[in-house]
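Structural characterization, general
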Amino acid sequence: MTVSHPPVRKREIFGWAMFDFANSSYTTIVITVAYSVYFTQLVAPEGSSDFLWSIGVTLSNAIVVLLSPFVGAVADDSGRKKLFLFISYLACVTGTAALWFVMPGMVVLGITLFVISNVAFSFGENFAAAFLPEISTPENIGRISGFGWGLGYFGGLGCLIAIYPFIRGDFVAANLDQLRLAWPVTALFFLLAGTVTFALLRERAPRGPKRTLTGYARVGYTRLLATLRSLGHFSQLARFLVVFFVFTCGLAAVVYFSAIYARQTLGFTAAELITLFMIVQISSAGGALGFGWLQDRLGATRTIQITLVLWIGVCVVAYLTESKTTFFVVSLCAGLGIGSLQSASRALVGLFSPLEKSGEFFGFWGLAGKSAFAVGPLVFGLLSSLTGSQRLAILSTGIFFVVGLVGLAWVDEAKGRAAAAAWHEARRGEA
């Protein structure tokens, strides 16, 4: 017997995309633009701030790496991805607001609260992505994924505008009280914008039986082992996740250190940083939306190849330039690349995922991505601290994009889609 679901309506797609809008406040303000600079400028001691920031990044992503496949499997078994998404959303909002307590010299507290909020954010990102196969088709998954990423960048832009009054006085001790208000304002933005998702998004996966925590753990590990045993069938997905890990190492370094690089190496003021990232948010939205449209015509792998070539150029020019104006131009190109690369990668995992395993496979996607977010920034932080040169560190990230571009030649998109369809049909036949 098959279970029928109501058709996906545009308002539901909008509701799903609004979670990208909401959580981009966290990535933009805490990870990229403001808290990263606040921590390295005012909280951590000079000389080791880059390394300490990379430790917090690595630790939070290592936790996600260890837990995300299991949590995704439990979410699939219970049929309660929306509940898991809600819990992670509240945890991230709370952890972000609590950053208000971090004062200069409070390195342990600053890292601990960042780790809590970043772990919660990462799980939420995975749970939201796992809804993508349910609300899209192979013909429109690129546009829908791109719409989510694109709308997300406007969320980041909106939150930048909201916190601008608090950071325009620059990242200096004299402006400390105003700077600390930026974190609860970001949390409030995330809280309010995220309510749209929970009002409009449906849970379409079949509801599983109620289990004890031990029962969920047993089923979760059993499903994970079954998935690992089935990787021969999903070989294209396995190949892509390896390639995805490699080029995401480079992307992660840029995300976590771009504002720090602009501040410390090129001498950007707080007002210039805000202006820079406002422009980048718009170009990133354009990249996600434009390349999402392009992906449905050229294919996800070809779209990823184009963006990787763009990223290689960005790293080289960023290494060479000493001009703020040139860095503005480079950042615009980076914005186009970051939106399109993330959107196309998420869509490709969706194409390779049968509905019955979307939570698990996006858990593995999260594992690969968060492993990269643990490694890439750590490499940057170590190189920067050991050599005293952020320029050498930014150039090194280009190697990750080169290796990823070469590795993508071994991923066959048509075979990956066929494997997902065959698995889904086999499960329907068993039902």
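The rules behind these values
- Residues numbered from 1 in each chain as written.
- Predicted model: local features only at pLDDT ≥ 70, side-chain atom pairs only at ≥ 80, totals over all residues.
- Heavy atoms only, no water.
- Helix = DSSP H or I, 4+ residues; strand = E, 2+ residues; numbered from the N terminus.
- Contact = heavy atoms within 4.5 Å.
- Polar contact = N/O pair within 3.5 Å; in protein donor to acceptor, adjacent residues only side chain to side chain.
- pLDDT = per-residue confidence, 0-100.
- Expected span 1.5 Å × (residues − 1).
- Bend = angle between axes of the 7 residues up to and from the residue.
- Buried < 20%, exposed > 50% of the residue type's maximum accessible area, 1.4 Å probe, protein only.
- 1 Å grid on protein atoms, 1.4 Å probe; cavity = no way out; pocket = protein on both sides within 12 Å on 5 of 7 lines; lining within 4 Å.
- Points joined across faces, edges and corners; volume = space filled by probe spheres on them.
- Core = buried A, V, L, I, M, F, W, Y, C linked by side-chain atoms within 4.5 Å.
- Nonpolar A, V, L, I, M, F, W, Y, C, P; charged D, E, K, R; others polar.

**Comments concerning the environment of Gln390**
- Note on placement: Gln390 falls in helix H15 (residues 390-407).
- For Gln390 and Phe257, which are 133 residues apart along the polypeptide, the C-alpha to C-alpha distance reads 9.3 Å.
- If we skip the residues at most four places from it in the chain, Gln390 touches Asp50, Ile260, Tyr261, Gln264, Thr265, Phe380 and Ser384.
- At 3.0 Å, the side chain of Gln390 and the side chain of Asp50 are in polar contact.
- Among the polar contacts made by the side chain of Gln390, one reaches the side chain of Thr265 at a distance of 2.5 Å.

**Quick word on the confidence of the model for the protein chain**
- Of all residues in the protein chain, 90% have pLDDT values of 70 or greater, and the mean over the chain is 84.
- The weakest mean pLDDT in the protein chain belongs to helix H9 (residues 213-229) at 70; the strongest belongs to helix H8 (residues 176-200) at 95.
- The model gives residues 1-5 a pLDDT under 50, and that stretch makes two contacts with residues more than four places away or in other chains.

**Some thoughts on helix H10 (residues 235-264)**
- For H10, built from 30 residues, the straight-helix expectation of 44 Å at 1.5 Å per residue is met to within 8% by its first-to-last C-alpha distance of 43 Å.
- The sharpest bend along H10 measures roughly 55 degrees and falls at Phe257.
- With respect to burial, H10 is a largely interior element, 24 of its 30 residues being buried.

**Observations regarding the layout of surface pockets**
- The space that makes up the second largest pocket amounts to roughly 280 Å³.
- Taken together, 14 residues make up the lining of the second largest pocket; nearest its centre are Glu46, Gly47, Ser49, Asp50 and Gln264.
- Among the elements of the structure, helix H2 (35-43), helix H3 (49-78) and helix H14 (358-387) are those that each provide at least two residues to the lining of the second largest pocket.

**Here's the deal with helix H13 (residues 324-351)**
- Taking 1.5 Å of rise per residue, the 28 residues of H13 would be expected to cover 40 Å, and the 40 Å separating its terminal C-alpha atoms lies within 8% of that figure.
- The element H13 is extensively covered by neighbouring structure, given that 20 of its 28 residues are classed as buried.

**Here's the deal with the nonpolar core**
- Tyr35, Tyr38 and Phe240 are the most contacted members of the largest nonpolar core, which has 131 residues in total.
- Of the residues forming this core, the biggest block, 17 residues, is contributed by H10.
- If sequence neighbours within four positions are ignored, Phe240 has contacts with Phe247, Ile304, Ser345, Leu348, Val349, Phe352, Leu408 and Val411.

**Details of empty space enclosed by the protein**
- A complete count under the given rule lists two cavities of 30 Å³ or more for this structure.
- Counted as a void, the largest cavity has a volume near 770 Å³.
- Forming the boundary of the largest cavity are 46 residues, of which Thr32, Tyr153, Val255, Ile338 and Gln342 lie nearest the centre.
- Going through the elements one at a time, helix H1 (10-33), helix H5 (107-129), helix H7 (141-167), H10, helix H11 (270-298), helix H12 (300-320), H13 and H14 are the ones with two or more residues in the lining of the largest cavity.
- Here the lining of the largest cavity gets nine residues from one element, more than from any other, and that element is H10.
- Grouping the amino acids of the lining of the largest cavity by side-chain chemistry returns 26 nonpolar, 17 polar and three charged.

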